[in-house]
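The primary structure of each chain is shown beneath.
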Amino acid sequence: MRLCPALLIMAIALAASVSVAKPRIVSREEWGARPPKCRYEPIGNITAITIHHTATSNDYVDAVEVIKSIQNYHMDERGWCDIGYHFLVDRDGNIYEGRPLSALGAHVAGHNQGNVGVAVLGDFNEREPNAKEIDALVTLASWLVEEYRIPLGNVKGHRDYAATEGPGEHLYEKLETIRRRVGSRVYSFGDGFGAAAWMGVYSDLWPSDRGLWERKVDEALKALKDAGFDAVFFLAKDPWGYVYYNSSVFPRSPKYSWDPLAYVVKKAKEYGLSVHVYVNALSEGEARPDQLLEAHPDWAVRCEGKAVGWVDPSAEDYVQMLVKMVEEIVTKYDVDGVQLDRIRLPSGACELPLTAREFEDLYGRRPDPRSEEWRAFVASKVTEIVKAVRNTVKAKKPNAKVSAAVLPDYSSAYTVYGQDWAEWLKSGTVDFVALMSYTSLSAKLVEYGKRAVEASGWTRPVYLGIGVYLDSLDPQGVYDQVKAAAGVNGVNGIFAFNVDTLVRDRSRLEAVARAL
């Protein structure tokens, strides 16, 4: 596939804009730090944050005096070059500079390389951290994670490295809350364990009369906000070739003579909901080709010799259309992000004529569909599309988020469907993923969550999709699944599929609200 030069930027991480500002930090000069006794060793590549408590009195009067006493102890009693921590936080949420960030710390024996030490003044075996202390930790960690792309799972407590009580029982209990809030601020939406809902307006639930339709949308969005949802993901392009906004690229759904996306964005913002669009990337008709693939049959995937309603990921002209559509949306509408759905191959034994031809041109032989070489090649073609979309979004709206709705089992997603979503998270190609983990079993949902966090290296947020539409999942089951998801470390929240069900059956919406 040959895309225009602007879309061939491979340094994906450099495309991201800073969305989290550096917090106010009281400098060493301001609090009167002693100079170091020796030359610092370099910290190296920053990859982790460790949270400590100082295990000092909770009844201190002057935070600066406490910090000075800690520096004196570290230098005079322990014989260290300087205070061991890089930052310290007081009960009022003030952040103080300790050892320079460029310097190797002395706070986790054997694990100081690349590790930023942050200590909160006090003993958190004896008291709970207050809101200002937690907010300061979230703000500082968010800036560090944004600046250095630190994996969320590497925001840890002292006891994760050593047999110690640090950072105190009560502060340690808050670490997952801190990680989730950091993940939300840097990569996704909300402020902690979040809730989003997928919303499409193609079904008969949504009237064709504009006035009635707008009233229905208002009611749905208000209900979501009242239930505690943080975001709505609106279907901008369906799997049958239609879009739900005024587009110059794809045909608008014949159901609407107005711009549905414009109204949803406006009303959702009024209700304080984050608004993302989701677009069906490679599906054009699903079982059978839609009008676009009928006009361009060479773009189609073929299953059992017949063209189906899916696009070969090497169909260059189609990918250009998809990227142009995304550019159009982020330029014209006040959306907070773009999510790719069906960014994969269809199920079944299918052929990819264009990708096979590209493989043969590159390697001089026909691909073996059973080989790892072929699977990797196909996955790379799908990944190229995700990268192209990300680069376009970040170029036009740097703080907008790029995500993907993905199959819940990474192994089969990659080997069967060409969907390398774990690597997308690790490399920063997407900001977060939402697993389509629809099941009536809470234990299965938890398993999906744990395996997804492990597969992705706990780098960026993972959300669990809850199939509220399932007949086998009653309101109590919905409640149980939201609670179960909240109990999985590394899972940043839930996605409900979909708004239609929540509007038709308010008992399921109420179940989500009770669980959040």
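Draft legend 1. Highlighting the packing of aromatic side chains. Throughout the structure, instances matching the rule amount to 30 aromatic pairs. Aromatic side chains Trp 198 and Phe 495 sit 4.8 Å apart centroid to centroid with 45° between the ring planes, which places their arrangement in the tilted category. Taken as a pair, Trp 198 in strand S7 (residues 194–199) and Phe 495 in strand S18 (residues 491–497) lie far apart in primary sequence, 297 residues in all. Of the two residues examined, Trp 198 and Phe 495, each falls in the buried class. Summarising the aromatic geometry, the rings of Tyr 438 and Phe 497 are spaced 5.7 Å apart at their centres and angled 25° between planes, so their arrangement reads as stacked. Here the residue Tyr 438 occupies a position in the loop between strand S16 (432–435) and helix H15 (442–455), and Phe 497 occupies one in strand S18, the gap between them amounting to 59 residues. Three or more aromatic residues link up through ring pairs in this structure, and these residues are Phe 189, Trp 198, Phe 233, Phe 432, Tyr 438, Tyr 463, Tyr 469, Phe 495 and Phe 497. The ring of Phe 250 has Lys 237 lying over it, and the distance from NZ or CZ to the ring centre is 5.3 Å.

Draft legend 2. Structural context of the pattern of salt bridges. The full count for this structure, using the stated rule, is 35 salt bridges. Between Asp 82 and Arg 28 there is a salt bridge, with its nearest N and O atoms 2.8 Å apart. A residue pair is termed long-range when its members are at least 10 positions apart, and Asp 82 in the loop between helix H3 (63–77) and strand S3 (87–89) and Arg 28 in helix H2 (residues 28–31) qualify at 54 residues. You can call Asp 82 buried: its relative accessible area is 0%. Connected through salt bridges with shared partners, the residues Asp 135, Arg 181, Arg 185 and Asp 191 form a single ionic network.

Draft legend 3. Highlighting the packing of helix H11 (residues 353–363) against helix H12 (residues 372–396). Closest axis-to-axis distance for the H11/H12 pair is 11 Å, and the angle between their directions is 115°. Relative to H12, H11 is oriented so that their crossing is right-handed. Contact with H11, carried on its side by Thr 355, Ala 356, Glu 358, Phe 359, Leu 362 and Tyr 363, involves Glu 373, Trp 374, Phe 377, Val 378 and Lys 381 of H12 and no other residues of that element. For the contact of H11 with H12, the per-class residue count stands at 7 nonpolar, 1 polar and 3 charged.

Draft legend 4. Up close: the layout of surface pockets. Taken as a whole, the largest pocket holds about 560 Å³ of empty space. The wall of the largest pocket is formed by 22 residues, among which Cys 350, Glu 351, Leu 352, Pro 369 and Trp 374 lie closest to the centre. Counting residues per element, the ones that place at least two in the lining of the largest pocket are strand S14 (350–351), H11, H12 and helix H13 (410–417). Looking at side-chain class alone, the lining of the largest pocket contains 14 nonpolar, 3 polar and 5 charged residues. In this structure, the second largest pocket encloses a volume near 450 Å³.

Draft legend 5. Quick peek at the state of the cysteines. What the rule picks out here adds up to 2 disulfides. Here Cys 38 pairs with Cys 81 through a disulfide, and the sulfurs are 2.3 Å apart. Taken as a pair, Cys 38 in the loop between H2 and strand S2 (48–53) and Cys 81 in the loop between H3 and S3 lie far apart in primary sequence, 43 residues in all. When the bonded cysteines of the protein are counted from the start of the sequence, the pairing works out to 1-2, 3-4.

The rules behind the values
Residues numbered from 1 in each chain as written. Predicted model: local features only at pLDDT ≥ 70, side-chain atom pairs only at ≥ 80, totals over all residues. Heavy atoms only, no water. Phe/Tyr/Trp six-rings, centres within 6.5 Å; stacked < 30°, edge-to-face > 60°. Helix = DSSP H or I, 4+ residues; strand = E, 2+ residues; numbered from the N terminus. Buried < 20%, exposed > 50% of the residue type's maximum accessible area, 1.4 Å probe, protein only. Lys NZ or Arg CZ within 6 Å of the ring centre and 35° of its normal. Salt bridge = Lys/Arg side-chain N within 4 Å of Asp/Glu carboxyl O. Axes fitted to C-alpha atoms, helices over the stretch in contact; angles between N-to-C directions. Left-handed = near helix turned anticlockwise from the far one by under 90°. Contact = heavy atoms within 4.5 Å. Nonpolar A, V, L, I, M, F, W, Y, C, P; charged D, E, K, R; others polar. 1 Å grid on protein atoms, 1.4 Å probe; cavity = no way out; pocket = protein on both sides within 12 Å on 5 of 7 lines; lining within 4 Å. Points joined across faces, edges and corners; volume = space filled by probe spheres on them. Disulfide = S-S within 2.5 Å.

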